[in-house]
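# Structural description and commentary
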Amino acid sequence: MIVGLTGGIGSGKSAAAAQFAALGVPVIDVDVISHQITAPGQAAVLAIADALGDDMLSADGSLNRSAVRSKVFQDASARKQLEGILHPAIYEEAQRQLQQVCNTAPYCIIVVPLLFESERYQQLIDRSLLIDCEESIQIARTMHRSQMSEIEVKNIMAAQLPRETRRQLANDTILNNGSLQELQENVIAYHQKYINPCIVSI
Ligand code: ADP
């Protein structure tokens, strides 16, 4: 079984994913994959340099993220080209990594921040697990974690699905308003469900 773990920015996806991993669950993360495939010499990096110019590369041959960000900020067609290279490469690598781990455990987790915005990731998973929290907590945690202003966090949140929509679409939900220990108790409860599919289907 493949469980898609999702949630808005700062909701606690990475924290929950780390807790599942500590229980021995294989965890794949599309953000991690996005970094892996943009390491020096990776095919996606070379394709991006071909499409958008060599100035998209850092001296070590990795993707120069700030150069890419400013390029696609000004140029919608460059953004389309970038996404046309990155999105399929990330998806392909996610499928490859899932194939490697899916038979090694009763279930595995793939962390997809924009799961409900992406049909193909929804097709890849068997269940979705939403990490959800009050927006005021989400904002405070993100500001603290990423040294962002409230406006910056709110702008990112505005580009994501509304909280209510995520809550309606999810198969399973963990409310992460409390402590990390409370989060862990909920993670363990879902772990018990997922390793015993009879409970999941009730
Ligand atoms: P996401 O991956 O969804 O963007 P994170 O897991 O990085 O969110 O969580 C955002 C920040 O909030 C991190 O600094 C994390 O350590 C912290 N955090 C997450 N859940 C809790 C919690 N229950 N109690 C306290 N801090 C938390």
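This one's a predicted model, so the numbers in the text were calculated from it and none came from an experiment. Note on numbering: residues in each chain are counted from 1, in written sequence order. Local features in a predicted model are, by the rule used here, given only for residues with pLDDT of at least 70; side-chain atom pairs are given and counted only at 80 or more, and totals for whole chains, interfaces and linings are based on all residues. Note: side-chain values were computed over all heavy atoms of the structure, leaving out hydrogens and water.

A probe as big as a water molecule, rolled over the atoms, marks out the empty space that is left. Put simply, the largest pocket is a space of about 2000 Å³. Forming the walls of the largest pocket are 45 residues, and the residues nearest its centre are Asp31, Ser34, Pro113, Leu114 and Gln160. Numbering of helices and strands starts at the N terminus; helices are DSSP runs of H or I of at least 4 residues and strands are runs of E of at least 2. Taken together, the elements giving at least two residues each to the lining of the largest pocket come down to α1 (13-22), α2 (30-36), α4 (65-74), α5 (76-101), α6 (119-124), α7 (135-146), α8 (150-159) and α10 (180-195). Looking at the lining of the largest pocket residue by residue, the classes come out as 20 nonpolar, 14 polar and eleven charged. Here the lining of the largest pocket spans two domains, since at least three of its residues come from each of domain 1 (2-26 + 102-200) and domain 2 (36-91). Points on a 1 Å grid over protein atoms alone make up a cavity when a 1.4 Å probe fits among them but cannot get out, and a pocket when they form an open set with protein on both sides within 12 Å along at least five of seven lines; lining residues each have an atom within 4 Å of a point. Grid points are joined across faces, edges and corners, and a volume is the space filled by probe spheres set on the points. Just so you know the grouping, Ala, Val, Leu, Ile, Met, Phe, Trp, Tyr, Cys and Pro go in nonpolar, Asp, Glu, Lys and Arg go in charged, and all remaining residues, Gly too, go in polar. Domain extents, as shown, originate in an automatic or database domain assignment.

This next bit is on the site of the ligand. The ligand sits among 14 residues. The nearest are Gly10, Lys13, Ser14, Arg145 and Asn176. Separating a nitrogen atom of the ligand from a side-chain N or O atom of asparagine 176 is a distance of 2.8 Å. Two N or O atoms form a polar contact when they lie within 3.5 Å of each other; inside protein one atom must be a possible hydrogen donor and the other a possible acceptor, and for residues adjacent in sequence the pair counts only when both atoms belong to side chains. In the model, a nitrogen atom of the ligand is placed 3.5 Å from a nitrogen or oxygen of the leucine 180 main chain. The method behind every accessible area is Shrake-Rupley, applied with a 1.4 Å probe, and residues are considered shielded solely by the protein chains displayed. In the complex, the protein chains occlude 77% of the 560 Å² of accessible area that the ligand would expose alone. What decides whether a molecule sits in a cavity or pocket is whether more than half of its atoms lie within 2 Å of the grid points. In this structure, the ligand is accommodated by the largest pocket. Per-element accounting of the shell around the ligand gives the leading share, three residues, to α1. Whether a residue is near a molecule or strand is decided by its heavy atoms; if any one of them lies within 4 Å of it, the residue is near.

What follows covers the pattern of salt bridges. Where charged atoms from two side chains of opposite charge come close, those side chains can pair. Only one rule defines a salt bridge in this text: a Lys or Arg side-chain nitrogen within 4 Å of an Asp or Glu carboxyl oxygen. Within this structure, the stated rule accounts for eight salt bridges. When the shortest N-O distance is used, the salt bridge between arginine 127 and aspartate 172 registers 2.9 Å. Of this pair, arginine 127 sits in strand β4 (residues 127-132) while aspartate 172 sits in strand β5 (residues 172-175); the two residues are 45 residues apart in sequence, bridging distant segments of the chain. Pair check on accessibility: arginine 127 and aspartate 172 agree, each one buried. Under the scheme applied here, a residue whose accessible area is under 20% of the maximum for its type counts as buried, over 50% as exposed, and between as partly exposed, the area being computed with a 1.4 Å probe on protein chains only.

Only Phe, Tyr and Trp rings are paired, with Trp represented by its six-membered ring, and only when their centres lie within 6.5 Å; those with planes under 30 degrees apart are stacked, over 60 edge-to-face, the remainder tilted. Counted according to the given criterion, the structure contains four aromatic pairs. Both rings, one in tyrosine 107 and one in tyrosine 194, keep their centres 5.1 Å apart while their planes meet at 65 degrees; by these two values the pair is edge-to-face. You can see tyrosine 107 sitting in the loop between α5 and β3 (108-111) and its partner tyrosine 194 sitting in helix α10, a full 87 residues away along the chain. Comparing tyrosine 107 with tyrosine 194, the two get one shared label, buried. An aromatic cluster of three or more residues is present, and its members are Phe20, Tyr107, Tyr190 and Tyr194. Taking the ring centre of tyrosine 91 as reference, the NZ or CZ of arginine 120 above it sits at 4.8 Å. Criterion for a charge above a ring: Lys NZ or Arg CZ within 6 Å of the ring centre, and within 35 degrees of the ring normal.

By convention in this document, the label disulfide applies to cysteine sulfur atom pairs within 2.5 Å. Taken as a whole and assessed by the stated rule, the structure comprises zero disulfides. Counting only cysteine sulfurs, cysteine 102 is the nearest neighbor of cysteine 108, a cysteine outside any disulfide, at a range of 6.0 Å.

Another aspect to go through is the packing of α4 against α5. When two helices pack together, their arrangement is captured by the angle between the axes and the distance separating the axes. Orientation is described by lines fitted to C-alpha atoms, with helices fitted over the stretch in contact, and by angles between N-to-C directions that extend from 0 to 180 degrees. At a minimum axis separation of 5 Å, α4 and α5 run at an interaxial angle of 125 degrees. Compared by their axis directions, α4 and α5 come out oblique. Residue-level contacts link Val68, Lys71, Val72 and Gln74 of α4 to Ala76, Ala78, Arg79 and Leu82 of α5. Per-class residue counts for the contact of α4 with α5 are five nonpolar, one polar and two charged. Here is the rule for angles: anything less than 35 degrees is roughly parallel, anything more than 145 is roughly antiparallel, 65 through 115 is roughly perpendicular, and the remaining ranges are oblique. Here, residues are in contact when the closest pair of their heavy atoms is within 4.5 Å.

A few words now on the domain arrangement of the protein chain. What the domain assignment reports for the protein chain is domain 1 (2-26 + 102-200) and domain 2 (36-91). Here the C-alpha centre of domain 2 lies 27 Å away from the C-alpha centre of domain 1.

Residue count minus one, scaled by 1.5 Å, sets the expected span of a helix. A rise of 1.5 Å per residue sets the reference length of α10, with its 16 residues, at 22 Å; its end C-alpha atoms lie 22 Å apart and thus fit the reference within 8%. Among all positions in α10, only Leu183, Val187, Tyr190, His191 and Tyr194 are buried. Taken down its axis, α10 places every buried residue within 110 degrees of arc, on the same side. The arc in question is the one spanned by the directions pointing from the helix axis to the C-beta atoms.

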